[in-house]
Amino acid sequence: MKPSRSKVRYFAEQLEIDKKYLPAKRYAGAIREQFTDRYFVDKFPMFLLAKASPPVVSFSFVDPGLESLDSFRTHLQACFRLFCQLSSVRFHYVATRDTYQERARQAFVGFFDHHWNPDGPGGLVDYFCLQKKKDLGKLHELSKADLVALQEGKAKFNRREITNL
Amino acid sequence: MSRLDKPTDFSALLEKYADSPPIPRSGWNTDRERSNSEPSRHDMIRERLSNRFRRTYHDRTRTYDLRESEIFTLGELGKFRVISADDLSRFAYDGNKERLEQDIQHLKKQALVSQREIEARNSPKFRVFSLTRDGKRFLRQQNRVRKSQALYDGFVKPKELAHDAKLYRLYQKVASEIERNGGTVRRVVLDYELAQRAGTHREDFRPVNIPRMYSIALGSFGYTEDEARFLCLMATHSGYFTCQQFVRFIHSKPGKRSLTFVRKLLEKGHASARPCLRNGQVYHLFSRNLYEAIGKDNVRFRRKHSLEYIRSRLAALDFILGKLDYTFFETEQE
């Protein structure tokens, strides 16, 4: 039997995804200004569908039963940068009751619609316009909000399949 | 005989054979090109039914009084898991319903067979029978079926009972065709067996990765192989568990094994119990020694947690137990 794989090792070493895209939490150290980054601190089950080509990672979220989807949205937000680096993703919403199942599904789909709508704010069109300005050396024309949007766009769309469009 | 075939093909097959009119009694042997010395199926049934005397069989602490037709019925139920009363009467009792009832009552009295009433779509309720665990043990201990033949006990998947019950009818039709062509049915392979085999051969479906060295290390604390494997899985992904989850992992029923396991954990001081809901208990594995033995002495599962956290860990373990065939990733230690 092969030993179980580690989440960070799989993404960072096997898929060569920069650690900055992984969901992380920063903990302050005992020594001032020293900190430690911990990845996947929520410890939600995650497995690999090795048969798919390329292999698909199956993520999950376990509802703690707080009668709200806030924690689910926070989790999606934390994982979104990583999702953007993967060509396909599977996601399981695990809950003891199915009360929020449909709402969770809508939240998940809505979240991606919002972030992947090319014409929406912070969408692909905006990103290409801002990137073009940057490439032409017109950075001074960009506002602070534009720079933030460009940075976020980079995290979302900085993949060869998209940049080669 | 398998649901692994294309569903449409299989449905067509069932439609074609299972719902065909009953095969005439004399029809079993009409076209068969078999030697005259070999008794026909019909003759075999008659011979079996003519023997009305019961013999006593001893099985560990129990004694059973059974006649040949009852043992034959047990074997058929074991091979197919579920058979309807009508089919059993038609194929194993030559339409002798009275005799079937006698045998079934006697088998039920001895707790070798269980009965259930089911309702299929667009058809009235009908009775189905299944072997009990004792019945299966009896067949195995008395060597009444080939060793290579898989036996099944108990009703599973209630939604598929009606479908499963049809298989026996389909089998009779196919078996008679095989015999007519000079062949013999050596054993019956149901989809349960095929799925199990397929599951072990597909690359995706590797059993959950629990390194052998870890189960050996946990075994040195006095745990059995199954207990050690469960502890390893639980310590890696949850830290909390319930008896039901252990029972689910070992594919058993609540009883002595699960009680012994939790008693062992509590007596050795490796886990603590926390009351949950009415009579439920949630167990928390906190022993540093156990976590150390599997190289996870720095996970936070050992600490005390809030109820929400415990609930989500239990749900996560449930999720993992439902997908044991996949390779789950581990989280880095803290």
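### Notes on the overall build of chain A
Here is step 1: Tallying secondary structure elements over chain A gives six helices and five strands in all.
Here is step 2: Starting at the N terminus and ending at the C terminus, chain A contains elements arranged as α-β-β-β-β-α-β-α-α-α-α.
Here is step 3: By residue count, 18% of the 165 residues in chain A fall in the buried class.
Here is step 4: The contacts of chain A with a sequence gap of at least 6 include a subset with a gap of at least 24, amounting to 50%.

### Things to note about the packing of helix α9 (residues 212-219) of chain B against helix α10 (residues 225-237) of chain B
Residues and elements named next belong to chain B.
Here is step 1: Taken N-terminus to C-terminus, the directions of α9 and α10 make an angle of 115°; their axes are 8 Å apart at the nearest point. By the angle class used here, α9 and α10 are roughly perpendicular. Relative to α10, the crossing made by α9 is right-handed. Contacts from Tyr214, Ser215, Leu218 and Gly219 of α9 reach α10 at Glu225, Ala228, Arg229, Leu231 and Cys232.

### Notes on the confidence of the model for chain B
Residue and element names in this part refer to chain B.
Here is step 1: Here chain B averages 79 in pLDDT, and 81% of its residues register 70 or above.
Here is step 2: In the model of chain B, helix α1 (residues 7-18) stands out as the element of lowest mean pLDDT, 53, in contrast to strand β6 (residues 240-241), which has the highest, 93.
Here is step 3: Low confidence marks residues 1-8, where pLDDT is under 50. Its contacts with residues over four positions away, or in another chain, come to 14 contacts.
Here is step 4: Scored as a whole, the predicted complex attains pTM 0.54, and scored at its interfaces, ipTM 0.77.

### Structural notes on the pairing of strand β8 (residues 280-285) of chain B
All names here are of chain B.
Here is step 1: Note: β6 against β8, two bridges, orientation antiparallel. When the sheet's bridge partners are listed, Tyr240 is paired in β8 with His284.
Here is step 2: As judged from the six bridges shared by strand β7 (residues 271-276) and β8, these two strands associate in the antiparallel manner. Bridging across to β8, Ala271 finds its partner in Leu285.

### Notes on the pairing of strand β2 (residues 62-66) of chain B
One face of the sheet, then the other: side chains in a regular strand alternate in exactly this way.
Here is step 1: Note that strand β1 (residues 55-59) of chain B and β2(B) share five bridges and pair antiparallel. Paired with Thr56(B) across the strands is Asp65(B), a residue of β2(B).

### Considering the interface of chain A and chain B
Here is step 1: On the side of chain B, 25 residues touch chain A, which itself brings 29 residues to the contact.
Here is step 2: For the side of chain A that touches chain B, the elements supplying multiple residues, two or more each, are α1 (7-14), β2 (35-39), β3 (47-49), β4 (56-62) and β5 (89-94) of chain A.
Here is step 3: Its residues assigned to classes, the side of chain A that touches chain B comprises 17 nonpolar, six polar and six charged.

### Some words on the environment of Gly280(B)
Here is step 1: Note that Gly280(B) resides in strand β8.
Here is step 2: Put simply, Gly280(B) and Gln244(B) are 36 residues apart on the chain and 9.9 Å apart in space, counted from C-alpha to C-alpha.

### Re unusual backbone geometry
For residues other than glycine, phi is negative in most cases, and the peptide bonds are mostly trans.
All names here are of chain B.
Here is step 1: In this model, Arg81 sits at a positive phi of 70°, which is unusual for a non-glycine residue.
Here is step 2: At Ala111, a residue that is not glycine, the phi angle is positive and equals roughly 60°.
Here is step 3: Position of Ala111 relative to the elements: it lies in the loop between α5 (97-109) and β4 (113-119).

### Focus on the sheet that holds strand β3 (residues 83-84) of chain B
Residues and elements named next belong to chain B.
Here is step 1: One open sheet accounts for three strands, arranged β3-β5-β4; its pairing is antiparallel. The open sheet has two free edges, formed respectively by β3 and β4, since each of these has just one partner strand.
Here is step 2: When β4 meets strand β5 (residues 125-131), the two strands line up antiparallel, connected through seven bridges. Bridge pairing in β5 links Glu119 to Lys125.

### Re helix α4 (residues 124-135) of chain A
Here is step 1: The end-to-end C-alpha separation of α4(A) is 16 Å, in line with the 16 Å expected for twelve residues at 1.5 Å each.
Here is step 2: Immediately beyond the C-terminal end of α4(A), within one or two residues, lies Gly137(A), with a positive phi of roughly 75°.

### What about the nonpolar core?
Residues and elements named next belong to chain B.
Here is step 1: Core analysis: the biggest nonpolar cluster contains 49 residues, and Leu218, Leu231, Cys232 and Ala235 have the highest contact counts within it.
Here is step 2: At seven residues, α10 tops the list of elements feeding residues into this core.
Here is step 3: In this structure, Ala235 is in contact with Leu285, Leu290, Tyr291, Ile294, Lys296 and Phe301, ignoring residues within four places of it in sequence.

### Section: the confidence of the model for chain A
Here is step 1: Per-residue confidence for chain A gives a mean pLDDT of 81, with 90% of residues at or over 70.
Here is step 2: Mean pLDDT across the elements of chain A ranges from a minimum in helix α6 (residues 160-163) of chain A, with 67, to a maximum in β4(A), with 91.

### Section: the packing of helix α2 (residues 70-85) of chain A against helix α3 (residues 101-116) of chain A
All names here are of chain A.
Here is step 1: Where α2 contacts α3, the two axes come as close as 11 Å, and the packing angle between them is 35°. Where α2 crosses over α3, the handedness of that crossing is right-handed. Together, Phe72, Arg73, Leu76 and Phe80 of α2 and Ala104, Ala107, Phe108, Phe111 and His115 of α3 make up the contact between the two elements.
Here is step 2: Its residues assigned to classes, the contact of α2 with α3 shows seven nonpolar, one polar and one charged.

### Some points on the sheet that holds β7(B)
Here is step 1: Ordered by their spatial adjacency, three strands build an open sheet running β6-β8-β7 (chain B), and the pairing between neighbours is antiparallel. Two strands bound the open sheet, and with one partner strand each, they are β6 and β7 of chain B.

### Considering the environment of Arg90(A)
Residue and element names in this part refer to chain A.
Here is step 1: By secondary structure assignment, the location of Arg90 is in strand β5.
Here is step 2: Using a count of 14 C-beta atoms within 10 Å as the deciding quantity, one classes Arg90 as partly exposed.
Here is step 3: For the pair formed by Arg90 and Phe47, sequence separation is 43 residues and the distance between their alpha carbons is 9.7 Å.
Here is step 4: Non-local contacts of Arg90, meaning those with residues more than four positions away in its chain, are made with Leu49, Val56, Ser58 and Phe59.

Conventions adopted
- Residues numbered from 1 in each chain as written.
- Chains lettered and ligands numbered in written order.
- Predicted model: local features only at pLDDT ≥ 70, side-chain atom pairs only at ≥ 80, totals over all residues.
- Helix = DSSP H or I, 4+ residues; strand = E, 2+ residues; numbered from the N terminus.
- Buried ≥ 20, exposed ≤ 12 C-beta atoms within 10 Å, placed from the backbone.
- Contact = placed C-beta atoms within 7 Å.
- Axes fitted to C-alpha atoms, helices over the stretch in contact; angles between N-to-C directions.
- Parallel < 35°, antiparallel > 145°, perpendicular 65-115°, else oblique.
- Left-handed = near helix turned anticlockwise from the far one by under 90°.
- pLDDT = per-residue confidence, 0-100.
- Pairing = 2+ DSSP bridges.
- Nonpolar A, V, L, I, M, F, W, Y, C, P; charged D, E, K, R; others polar.
- Expected span 1.5 Å × (residues − 1).
- Core = buried A, V, L, I, M, F, W, Y, C linked by C-beta atoms within 7 Å.

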